[in-house]
Amino acid sequence: MTLNYRHLHYFWMVAKEGGFARAAERMDMAIQTISAQVRELEKDLGHQLLKPEGRGVSLTEAGQVAFAKAEEIFQIGQSLPELVRAVASKPVRRFKVGLCDGISKLAVHALLKPVLNTEDLHLTCHEGEPEQLLAELALHHLDFVFAGQPPPANPNLRMQSRLLISSEVDWYGASKWVKKGALTHFPECLHDLPVLLPTGHSRLRVDLNHWFEQLGIVPHVVGEFEDSALMSVFAARGFGVFPVSRLGVYDTGTLSGLRLLGQCDDLHEEIHGVWNVRGIDHPLVVELLNRLGD
């Protein structure tokens, strides 16, 4: 059944005014017209909504439910013109961004900083597998994607990419783990300390595994995370030590309560920006690429 909102409006007015006569006077309509419309609504809903009371009417139990919902509907309707005028007079600048699983969300926040102060910005961030996000980008459902590596060569996708950062990686942990002995024997101390790592989705995890192998380190892994910000929260609670892109650390200041364990100047995390060639006219894509190219 499709609800007739005109019938509902007549019922709402009768209930608010307490009778057909007062509703008819308020709406400048014939009582018979309003009465007929309310009867049609009751017929459609299959229940009596109003009952005589004195010189007016009152709500049945079914009518009370219907009136409460009608009140919500028509209050929204009354506020709609003002909402539309506000949006039309102040357009929103939408920017839909994809974040590939495994890249440092702390570093991405730092990379987005040049456009975060855009007036009337409406930023939407989606996380997912690279293949999924690139497909969304190809269909123009996303404006920009941050990925751990360039997209695979595919002339049909018409995409371009740029290396945005190659940031050194540092290790942090709570003070209970970052003590003089650990500092002196970094990175060998990772044999014994509880270690938090990015999941296998991350290009950084592949590079970390290679780094461990080169140094002959077998880390004591106690947790794996797709989100670097979440990993930092667990580290701050003393769950373990973890690696993080230097850019993400110093730009966002999110490592309160954590101490530097060691630096890996020969280990880097890369973040690439990917965009659709046909979407390069998006002003925020252009601004982001220009600012990051400075």
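Keep in mind that what you see is a predicted model, and the values were worked out from it rather than measured. (Residues numbered from 1 in each chain as written. Predicted model: local features only at pLDDT ≥ 70, side-chain atom pairs only at ≥ 80, totals over all residues. Heavy atoms only, no water.)

(A) Representation of a nonpolar patch on the surface. On the surface, a nonpolar cluster with roughly 380 Å² of combined accessible area is contributed by V222, L230, V233, F234 and F239. It is helix α9 (residues 228-236) that contributes the most residues to the nonpolar patch, three residues altogether. By the secondary structure assignment, L230 is in helix α9. (Patch = residues over 30% accessible without salt bridge, like charges linked within 9 Å, V, L, I, M, F, W, Y side chains within 5 Å. Areas by Shrake-Rupley, 256 points an atom, 1.4 Å probe, with all protein chains shown as cover. Salt bridge = Lys/Arg side-chain N within 4 Å of Asp/Glu carboxyl O. Helix = DSSP H or I, 4+ residues; strand = E, 2+ residues; numbered from the N terminus.)

(B) Inspection of the packing of aromatic side chains at higher detail. Following the criterion strictly, the structure yields eight aromatic pairs and no others. Ring geometry for F144 against W275: centres 6.3 Å apart, planes inclined by 0°, an arrangement best described as stacked. Of the two residues, F144 is situated in strand β5 (residues 144-147) and W275 in strand β10 (residues 259-276); the sequence distance between them amounts to 131 residues. Residue classification places F144 among the buried residues on the basis of a relative accessible area of 0%. On the basis of relative accessibility, which here comes to 5%, the residue W275 falls in the buried class. Ring pairs connect the aromatic residues F144, F146 and W275, which therefore count as one cluster. (Phe/Tyr/Trp six-rings, centres within 6.5 Å; stacked < 30°, edge-to-face > 60°. Buried < 20%, exposed > 50% of the residue type's maximum accessible area, 1.4 Å probe, protein only.)

(C) Seen up close, helix α1 (residues 5-17). Spanning 13 residues, α1 covers 18 Å between terminal C-alpha atoms, matching the ideal 18 Å at 1.5 Å per step. Among the residues of α1, those classed as buried are H7, L8, Y10, F11, W12, M13 and V14. N-capping of α1 is provided by N4, with a side-chain oxygen placed 3.0 Å from the backbone N of R6. Phi turns positive, to about 85°, at G18, one or two residues after α1. (Expected span 1.5 Å × (residues − 1). Polar contact = N/O pair within 3.5 Å; in protein donor to acceptor, adjacent residues only side chain to side chain.)

(D) Structural context of the sheet that holds strand β9 (residues 242-245). Taken in spatial order, the six strands of this open sheet run β4-β3-β5-β10-β6-β9, and their pairing is mixed. One side of each edge strand has no neighbouring strand; the edge strands of this open sheet are β4 (121-128) and β9. Averaged over neighbouring strand pairs, the angle between their axes works out to 25° when direction is ignored. Contacts between helix α8 (residues 203-215) and the sheet are confined to β6 (159-173), β9 and β10, with β10 contributing the most and set at about 145° to the helix. In the packing of helix α11 (residues 283-292) onto the sheet, contacts are made with β3 (93-100), β4, β5, β6 and β10, and the angle to β3 comes to roughly 60°. (Pairing = 2+ DSSP bridges. Axes fitted to C-alpha atoms, helices over the stretch in contact; angles between N-to-C directions. Contact = heavy atoms within 4.5 Å.)

(E) Quick look at the side chain of T60. One can find T60 in the loop between β2 (56-59) and α4 (61-89). Each residue touching T60, except ones within four places of it in the same chain, is listed here: Q48, L49, L50 and K51.

(F) Region of the structure containing empty space enclosed by the protein. Taken as a whole and assessed by the stated rule, the structure comprises one cavity of 30 Å³ or more. For the largest cavity, the calculated volume is near 90 Å³. In terms of residue class, the lining of the largest cavity is made up of seven nonpolar, five polar and three charged. (1 Å grid on protein atoms, 1.4 Å probe; cavity = no way out; pocket = protein on both sides within 12 Å on 5 of 7 lines; lining within 4 Å. Points joined across faces, edges and corners; volume = space filled by probe spheres on them. Nonpolar A, V, L, I, M, F, W, Y, C, P; charged D, E, K, R; others polar.)

(G) Fine view of the layout of surface pockets. Size it by volume and the largest pocket reaches roughly 350 Å³. Around the largest pocket, the lining comprises 20 residues; the ones closest to its centre are C100, P130, E131, G148 and Q149. Sort the elements by how many residues they give to the lining of the largest pocket and helix α6 (residues 130-138) lands first, with three residues. By residue class, the composition of the lining of the largest pocket is ten nonpolar, six polar and four charged.

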